Each structure stands twice: as structure tokens, then as C-alpha cells.
Amino acid sequence: MQAIRVRDGRLARIEGACIDCGRCIRVCPKGAIKVRAPVRDIGWLGPHAIMTVSSVIYTQFGEDVMPIEVLLGLRRIFRYVHDQAYVYELFNMATEFYIREAREKERVVWPLISPVCPVVNRVIAHHFPHLLKNILPIMTPGEIAARELKKRLKAEKLLNTQEFKVYNITPCSSRISYIESVDSLSVSYLNGALGINEIYKLVKKNMKGMKEDIIIDRFTGIAGLGWGVSGGEIAALDDVRCLAVSGIHEVIRHLEKIEMGLFEDIEYMEFRACREGCVGGLMTAVDRYEAKRTLQNLVAKFGQGRRLRYPQAKRAYDEGWFLAERKNALPQDPVKRLSISEGIERERRVEQVFERLPKKECGACGSPGCRTFAEDVADGTAKMESC
């Protein structure tokens with residue numbers, strides 16, 4: 001997002017709209033930028049930590065390792081482990097219900113946009129605020145799981161409410177900050193998140209020595225299994241005109257097209273900021289394409305059949321069980337909005353500065369590139385002598 005500036009050759013800071021995409025972490029040649037650790041260590045979580053697990057974790061150990069083996073390995077580490085794949089199915093059915101209702105309304109905003117990727121939500125909030133109304137108002141699977149787990153434990157009085165917290169094991173670095181951020185679009189029921197790469201070796205170690213009879217026949221085909229790869233969310237939707245786009249630059253291009261009035265024949269857009277989908281997340285442990293191959297083999301083996309009962313899901317939907325609890329205030333926009341005349345004048349100043357630059361794209365000025373430096377000079381945050 002061209003948000004980072006380095007002043008005096010030593011101090012890097014964010015001056016633009018950071019969307020937590022993690023691209024800076026991937027490209028930093030010195031490894032100076034790190035994901036902010038959500039927990040100090042696993043032991044710090046305490047004995048009553050409840051873990052909800054992204055299905056991406058099943059793609060990290062190779063195609064010969066079954067999902068149930070991974071779950072059992074996790075349960076040797078954590079006392080309470082919840083597989084989110086079932087909740088993915090609930091989310092898919094709620095999406096179908098919502099779209100069918102929307103078809104009958106006169107003033108429908110198409111396409112609806114998946115609320116699942118926190119990076120995409122930030123892009124929309126900061127750069128495409130007119131599209132906030134397009135975001136599907138259904139609670140994301142991780143939040144549904146956290147809310148219901150807390151409700152169940154409280155109702156069954158298995159634990160004191162002060163003793164347990166719910167954490168999400170995730171491939172997404174943005175999920176960690178999104179849970180705690182004040183500029184999130186909705187209220188979070190999660191207490192924190194843990195990267196798959198942080199527990200990968202420990203899970204692998206705890207999967208050793210399992211008896212085969214424990215593993216067999218403990219995992220069935222589920223629609224949520226394919227969610228880890230781009231297109232996996234919409235693959236489980238029935239009778240919905242939809243499209244899947246992955247990679248932050250492609251996502252931005254398609255959001256621009258939606259803002260221009262294109263794609264009105266599409267009912268639902270699945271956007272993922274990471275290339276290939278969540279298997280390309282920053283906090284995974286293996287190569288994204290290797291993980292994608294593993295996922296495809298698992299889907300071929302188990303299928304994507306649903307386990308849900310339609311009447312039960314429909315009753316929950318009608319009772320408002322899936323609706324997201326949105327925050328009253330929209331995220332604070334770090335980018336100053338200009339009037340049309342102000343924007344034209346600013347662009348004229350930017351072009352004047354840009355024409356004087358050598359266009360070497362060296363970055364020595366501390367801005368990401370020559371165009372960004374021209375914008376900084378025009379905005380008064382940098383001086384021409386810095387080039």
C-alpha cells in the first residue's frame with residue numbers, strides 16, 4: 001500500500017493506510033519486520049485455553065497425514081480443540097439463505113463481498129468505503145465458533161468464565177491484529193490467535209506413535225475442507241453466481257471495477273488477500289503450492305459433501321443466529337479525503353514534482369518509489385532535496 005517511509009536512513013514508520021497484508025514482512029531483506037507475537041509461549045495460554053482450528057492446518061503435513069491425525073496431535077497439546085470446518089458449512093448455508101432473500105428485494109447491492117478476509121475488509125474500509133454496504137453481514141466462521149464455545153462452556157458450567165479464553169489457530173498474520181484492533185468492522189469473540197507456524201513442529205511431534213485403529217473412520221467428507229485455497233469458499237455454495245479472486249493487487253483491481261459498476265451480474269465475490277488463498281498466509285509452515293496440492297488430494301479423498309441438516313440451519317438463520325454484530329463507528333480513515341477541486345490541484349503538483357525526478361526507483365529518499373516521493377513532496381511531508 002506504499003505506506004512505509006524511512007526518514008534519515010534509519011527510522012521506518014507508517015504514514016499511509018496500512019492494511020496488515022504482511023507484504024512488507026515477506027520482502028524485507030534483513031527480516032527486520034516481524035509479526036507481533038500474540039502470546040509469549042504456549043504454556044502462557046494456561047490449561048484451559050480453547051483452540052479453534054482453521055482447516056488450513058490440515059494442508060501442512062503432507063497428503064498422507066489425515067485431518068484426524070492433526071486434530072489428535074493438537075489434543076495432546078491443548079485440552080480443548082474445536083475444528084472450524086463444520087462452522088464453514090454453517091457459514092455457506094447462511095450465505096445461501098441471505099442471497100436468496102436478497103434476490104427478492106428491489107434495491108439489492110450486487111455483488112455481495114465475503115467478510116472472511118480481514119485484509120480485504122481493511123482495504124474496503126480505507127480505500128473503498130462506498131463498498132462497505134456490499135460486505136455480507138454474516139458473522140465469520142471463527143467468530144461463530146468462539147461465540148458458541150463460550151456460550152456452551154458457560155451454560156454447562158464446565159469452567160469458570162474467568163478461567164478460559166478462546167484462541168484461533170490461523171495462517172493469517174492479520175487475524176492476530178484484527179482481533180485486538182479498534183478499527184475492526186465487527187466485535188470479536190476471540191481472545192487472540194496463534195500462527196500455524198508457531199505450533200507446527202510441536203503438532204508434528206505429537207502425531208507420532210498414534211494407533212491406526214484410532215485414526216480410521218473418524219473423519220468424513222466436509223464442505224469446509226476446501227476453504228484453505230482460493231475458490232474453496234464459493235465451491236460449497238449452491239445455485240449462486242460467484243467469483244473468487246486472490247492476491248492483494250488483483251483484489252484491489254476488482255474492487256475498483258465493482259466501484260465502477262461492473263460485476264453486477266455476480267451475486268457473491270470471494271476475495272483473499274494472499275495468493276492461492278489462505279494456504280498462502282504468512283503464518284503457514286510449508287510452501288503454498290505444496291499445501292494446495294495436499295488440500296486438493298484431501299478433497300478428492302473425502303469429498304465436499306455437507307453434514308448439516310437444512311431445517312436446523314434455516315431455523316437458526318431466521319432467528320438471527322448468524323448476523324454479525326457491527327461496531328457503531330466505522331474505522332477511522334488515515335487517508336485525508338479531498339474534494340474534487342483539491343484532488344485535481346494535488347495531482348497537478350504531484351505531476352510537476354514527478355517530472356523533475358530521475359525515476360531511478362532507488363528508494364534512497366525514504367519513500368517506496370518516485371511516484372510516492374512526488375506525492376510526499378506535494379503533500380509537504382518530504383523535501384525535494386531528499387532525492
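In this text the structure is predicted, and so the values were computed from the model without any measurement. (Residues numbered from 1 in each chain as written. Predicted model: local features only at pLDDT ≥ 70, side-chain atom pairs only at ≥ 80, totals over all residues. Heavy atoms only, no water.)

## Considering the environment of E267
- With respect to the element layout, E267 can be found in the loop between α10 (248-259) and β9 (268-272).
- Residues E267 and W110 lie 157 residues apart in sequence; the distance between their C-alpha atoms is 5.6 Å.
- The contacts of E267, once residues within four sequence positions are left out, are I99, R103, W110, P111, L112, D239, V240 and R241.
- A distance of 2.7 Å separates the side chain of E267 from the side chain of R103, its partner in a polar contact. (Helix = DSSP H or I, 4+ residues; strand = E, 2+ residues; numbered from the N terminus. Contact = heavy atoms within 4.5 Å. Polar contact = N/O pair within 3.5 Å; in protein donor to acceptor, adjacent residues only side chain to side chain.)

## A look at the sheet that holds strand β8 (residues 242-246)
- The strand order across the open sheet built from 3 strands is β5-β9-β8, with neighbouring strands paired in parallel fashion. Strands with a single pairing partner mark the edges of an open sheet, and in this sheet they are β5 (112-113) and β8.
- Looking at chain direction, β5 and β9 are connected through 2 bridges and run parallel. Residue pairing in the sheet places I113 in a bridge with M269 of β9.
- Sheet strands in contact with α10 are β5, β8 and β9, and its direction is about 150° off that of β9. (Pairing = 2+ DSSP bridges. Axes fitted to C-alpha atoms, helices over the stretch in contact; angles between N-to-C directions.)

## What to know about helix α12 (residues 310-318)
- Residues A313, A316 and Y317 constitute the buried set of α12. Taken down its axis, α12 places every buried residue within 100° of arc, on the same side.
- Remark: G320 follows α12 within two positions and exhibits a positive phi of approximately 80°. (Buried < 20%, exposed > 50% of the residue type's maximum accessible area, 1.4 Å probe, protein only. Arc of directions from axis to C-beta.)

## Considerations on the packing of aromatic side chains
- What the rule picks out here adds up to 5 aromatic pairs.
- Measuring from centroid to centroid gives 5.4 Å for F97 and Y317, while their planes differ by 55°, and the two rings are tilted. In this pair, F97 is assigned in helix α3 (residues 85-103) and Y317 in helix α12, connecting sequence segments 220 residues apart. Side by side, F97 and Y317 carry an identical accessibility label, which is buried.
- Grouped by ring-pair contacts, the aromatic residues Y88, F91 and W227 constitute a single cluster.
- Above the ring of F97, the side-chain terminus of K314 is found at 5.6 Å from the ring centroid.
- A cation sits over an aromatic face here: K359 above F354, 4.8 Å from the ring centre. (Phe/Tyr/Trp six-rings, centres within 6.5 Å; stacked < 30°, edge-to-face > 60°. Lys NZ or Arg CZ within 6 Å of the ring centre and 35° of its normal.)

## Some thoughts on the pairing of strand β1 (residues 4-7)
- The alternating pattern of β1 places R5 and R7 on a buried face and I4 and V6 on a face that is not buried.
- The pairing of β1 with strand β2 (residues 11-14) spans 4 bridges and is antiparallel. Bridging across to β2, R7 finds its partner in L11.
- Hairpin connection of β1 to β2: 3 residues between the antiparallel strands, including D8 at a positive phi of 60°.

## Describing the nonpolar core
- M51, I57, F61, V70, L74, F78 and I169 are the most contacted members of the largest nonpolar core, which has 35 residues in total.
- When residues of this core are traced back to their parent elements, those giving at least two are β3 (49-53), α2 (67-75), β6 (165-170), α7 (196-206) and α11 (288-302).
- With near-sequence residues (within four places) excluded, V70 lies in contact with I57, Y58, F61, V65, V203 and M207.
- Core analysis: the second largest hydrophobic core is formed by 28 residues, W110, I138, I144 and L237 among them. (Core = buried A, V, L, I, M, F, W, Y, C linked by side-chain atoms within 4.5 Å.)

## Let's talk about a nonpolar patch on the surface
- A surface patch of nonpolar side chains, about 220 Å² in accessible area, is lined by I4, V6 and I14.
- Its place among the elements puts I4 in strand β1.
- Classification of I4 by relative accessible area gives partly exposed; the value is 31%. (Patch = residues over 30% accessible without salt bridge, like charges linked within 9 Å, V, L, I, M, F, W, Y side chains within 5 Å. Areas by Shrake-Rupley, 256 points an atom, 1.4 Å probe, with all protein chains shown as cover. Salt bridge = Lys/Arg side-chain N within 4 Å of Asp/Glu carboxyl O.)

Remember that the coordinates give geometry; whether it matters functionally is a separate question.
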